[in-house]
Every structure is written in structure tokens, then in C-alpha cells.
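Chain by chain, the residues:
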Amino acid sequence: MPSRRAPWSPDRRSVDDPDAARTLTDHRATEVPVQHRGAPHRGGAVRRALDRGVLDRVWLRVTALVLLAVAAAYQCFWRIGAGNIGGDEATYVKAGLAYVHGAFDQNREHPPTAKYLFGLAQLVGGPGAVAPRVLVASLVVLGAAVMFVWLRAEVGFWTGFAAAALWTLTPRGGAGARLDRVALLDPVMVFFALAALFAIWVWIRTDRWWWVPVSAVLMAASVTSKASTLVLLPVFVLAPVLFGRWRALVVGGAVWAATFVVAVVALYAPMGMRSAVQYMLTFQSGQNEHGHLISIAGHTYQFAPWWANWWFLLRGVGTPVVVVLAVAVVLAVVVRPGRLVVFLLAPLVLLVAFYSLAAEIALPTYYAAWMPFIVMLAAVGLGQLSRVRPRWLTSSIAVVLVLVALVGSIPTARTIWEARATGVARLLPLLRHEGIRDGQVFFGAITPSDYDQYVGDRGVRDVVDAPFVAIVVGRDRRFPLPPEVQDLLTSERSSFERVRLDRVVAWIPDGEIVRTSDGGLTVRH
């Protein structure tokens, strides 16, 4: 008598899963269509290739995986240390190194786990941002592996391959060449959430109980890296509900919840959970109450509009890739959707609702939380499309859509190839070249987090702190130039050497900038 639950693999699906059974039946029915004698031959070489099962040949799959691995290694790791260190990144990197040395007074407004990992990475790879960046990029690659294994088992090899390719190669701008090449909290949070959901899905598909505590620990690592994924907790109840596994829901749910709580407490314990959580809640509620200045499409907002993260997504991912992903997600929903589609839609809907409706602030990197679920749904949609008859046509359309998305990665690849220090990162070498080795520098129209890590306490933004040895002007409308600085740069233009450093301009005087008796500024020769 056959077992109630078959091994979890691409070729043997759970026998109590009608969706999987239907998919497998459709695949077998369309794999080698009957060609009636005398019937017109349509589809040409593409159809003949599909009829012969060329896409199932081992050499082709191995070649595709090798090429993807090479491209992903380039996109994720090449020149990873060359780009500027952002303000938030510098904060997390410094806090992480302090944490592993027992000092927990920095950046208590966010949970600690990602910063623990950043600190450990620096113990191995040396202090600075490079080792934590390599860690984050490695998590991106591991996330691609999770997607591939998950979707290969549930839909097919090429669906898993499409997800891994879309995840590792397509653009995700917002910080650096790509936001998951930078040591931020969001990519760490995202990886652990994705892995936790994968683990709970494998448990419900295989009855291997040890996946339950594994999932709970991974989810604890996610919410203690950044708390946003707390909104995903209901999704872990959804898996057994979708399969009608009520006993598993009660027993597995209890084990999962207990393990999750213990893991969260253990991860928070070194920094003092009660005080850290209280501080975090106070800080975050204050941000929600008072807002956070953000520039969107040339306008400055104190409280981000609900569509802000969608705008950042469009800017960061690019219109061609967004269109492909949107079409493919719609296909996943309308072309024979099954339990997996519902399970992947749930975290996407919850995260979008949280960031768009509940959160009062938005940053260019927040949309990263949604992206793995958009990518996986898109891959499922493309996989389902390729099973619709005539298969030679729908498979060709799916391939074209993937290629369009991958072509959208070319600008990111070019940016990575050309990665270098820009803007304020080039300022101190310039000043040393001009013979200026100390003294304060005035910064205007630049967020302090962009220059703090490069100039330290030499950087000021108030005219009362004169004298200055240079003035640096950026393009951030949130921090306009004071009238005194504008008047100085206009009236005494001939006293300055103007040097453009990418998106900022350094004004180097032929003397020292001092305050006048009437509160203005002048160059003292």
C-alpha cells in the first residue's frame, strides 16, 4: 500500500496534492505531443526541440547552471569593495564590530542579529565594510539556491533556474550598484525570512518534523535582523491550513512558536532584550510620528506617500524588468494557480500592506523585502505559461520574457565593472593634493550620513562653526545651502577653485573662510 506522502522531488509529488498531480499529468501529456501523419508541422526548430525533450538533457542543464554561477558571481562579488560606504552601512558595520567585542551601545534602534554577522565577518576578513558586503552577497547566492531547489521540486528545473537567474542578475538599485552588494540589514532579513518559509513548506510536504524548529530559528534570525518581517508570522500558519493538516497545525505550530520565542530571546540576550526592545519601539514610533525627510521625483516629503516604495522599486529595478515581473506574476495568479502561489502571495501582500499603508516613512531600499516573493511568483508564472498549449509557442514567450528581464541587468553589470569611490570619498585625497591636511569642511545639500564616515568631526553644516578650509555642495534638496554660503560663492567666486567630484562640487578657497562681523562669510587671504 503506498505511503500517504511521497518523497518531495521534481518527479514524485505528494499524492494528496491535486494541484501537483494535475501539473504532473499535464507535463506528461504535453511532453511528447502526438504528430499525426500528414498534419502540418508548426513551430519549426523550437517545437522539434521541445518534442525531443532537449531542455531535459543533463548537459544543457549543467551548462546553464555553470553559466548562471559565473554571471551571479560577477554580479554579486566583482569589485564589491570599490563603491562608497553609505551612512547606514557604516553605522551597521561599526556596531557589528563593537557587538562582537561586547559593546552594545550603538544602533540599538534595530535588532542585533545582522550586526552580529557583520561583526563576525570582520573578525574573519578584517575591519571595514568589505567582509560584511561579501557576507551579504553570499546570502544573495544562498537565497538563489533556496529558490532553485524549492521551485525545481514544485514546478520544474527551468522554473527554479529562472527564479535563481532573476534573483541574482536583475537590478535592485537604491544603495550602491545594487542594494544587496552593501552591508545593510534588509538583505539579511530577507534571506532568513525566505529560508524560514522554505523550511516550513518542506516540512508540510515531507512530514520531516525537524524542519519545524529549523524554520523557527531562521525566522527568529530574520526578525532579529530587522523587525519588519514580524508581519509574516501568519504565513507559517497558512502552510498546514492549505494542505488541511490540522493536527500538524496544532502540534507543529506549538513547537514552532516555542522554538521561535526561545531563539529570539537568545539572540537578543547579549544586548539586554527588555531595554533594547523598549528603545527600538520608542525610536520607531518616534519616526512614524515625526516622519523622515525623503526626496521623491524632485519633491521633498516629511511623511512618505503610500506609493513611495513602488516608486523606489520602479527606479531601482527599471521599467523593462518591472513590466516582465508584473506580467509573470499575473500569469502565476491566473494560469492554473495552486497552493504554492497562494503561499507565496501571502508574504508579498503582507509586506506590501505594511510598507505602503502602516509605515509612515520610506527609503530607497525598503522594497527589497518584497522582491524574493515577486521573483518566485514571476518564475512560477513563466513556468505555468510554458505548460499551456501550444507548448512550443508559450515556452518561446516565457524565454523571451526572461531574456528581456536579463537584458535589463546589463546597466547594473556595467556599473559594477566601473565601480569606484565617488563624490565625498574622493574629497580628502583632493584636499591633501592641495596641501590641506586639517581644518573643518562645510557641507551643504548633502545628508550627513554621506560624509561622516569619510571626514569624521571635520565635517560641519552650520556657518557658526567657521572657519572652514573648503565648502562641499551636493544635490540633496532636504539640506539647502544657507544664504551666507550662497552669497559667498556668488560674491567671491574668483577666490575659489571649483572641483567637481561626480555628484558633488568642492569649492577650495585661496585662503580661509571666516565669519564677518555682520554674520556673513568671507575668504581671508
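First things first, this report covers the structure right here in the doc.

About the thresholds
- Residues numbered from 1 in each chain as written.
- Predicted model: local features only at pLDDT ≥ 70, side-chain atom pairs only at ≥ 80, totals over all residues.
- Heavy atoms only, no water.
- Helix = DSSP H or I, 4+ residues; strand = E, 2+ residues; numbered from the N terminus.
- Buried < 20%, exposed > 50% of the residue type's maximum accessible area, 1.4 Å probe, protein only.
- Contact = heavy atoms within 4.5 Å.
- Axes fitted to C-alpha atoms, helices over the stretch in contact; angles between N-to-C directions.
- Left-handed = near helix turned anticlockwise from the far one by under 90°.
- Phe/Tyr/Trp six-rings, centres within 6.5 Å; stacked < 30°, edge-to-face > 60°.

1. Focus: the environment of Y366
So, point 1. Looking at the element boundaries, Y366 is found in the loop between α15 (339-358) and α16 (371-385).
So, point 2. Residue classification places Y366 among the buried residues on the basis of a relative accessible area of 10%.
So, point 3. For Y366 and S228, which are 138 residues apart along the polypeptide, the C-alpha to C-alpha distance reads 9.7 Å.
So, point 4. Dropping the residues within four chain positions of it, Y366 is found in contact with D186, K226, N309, Y355 and I361.

2. Description of the packing of helix α7 (residues 157-169) against α16
So, point 1. One can describe the packing of α7 onto α16 by two numbers: an axis separation of 8 Å at closest approach and a directional angle of 145°. Here the hand of the crossing between α7 and α16 comes out right-handed. Two secondary-structure elements touch here, α7 through T159, A162, A163, L166 and W167 and α16 through M371, P372, V375, A379, V380 and G383.

3. So, the packing of aromatic side chains
The description of an aromatic ring pair uses the distance of the two centres, along with the angle that the planes make with each other.
So, point 1. Across all of its chains, the model carries 28 aromatic pairs by this definition.
So, point 2. Summarising the aromatic geometry, the rings of W201 and F343 are spaced 5.1 Å apart at their centres and angled 45° between planes, so their arrangement reads as tilted. Taken together, the residues W201 in helix α8 (residues 185-206) and F343 in helix α15 connect sequence positions 142 residues apart. The burial state of W201 is the same as that of F343; both residues are buried.
So, point 3. The interplanar angle of 75° and the centroid separation of 5.1 Å between the aromatic rings of F354 and Y355 together place this pair among those described as edge-to-face.
So, point 4. The structure contains a cluster of three or more aromatic residues connected by ring pairs, namely W150, F198, W201, W210, W211, F243 and F343.

Treat this as a map of the structure, not an account of what it does.
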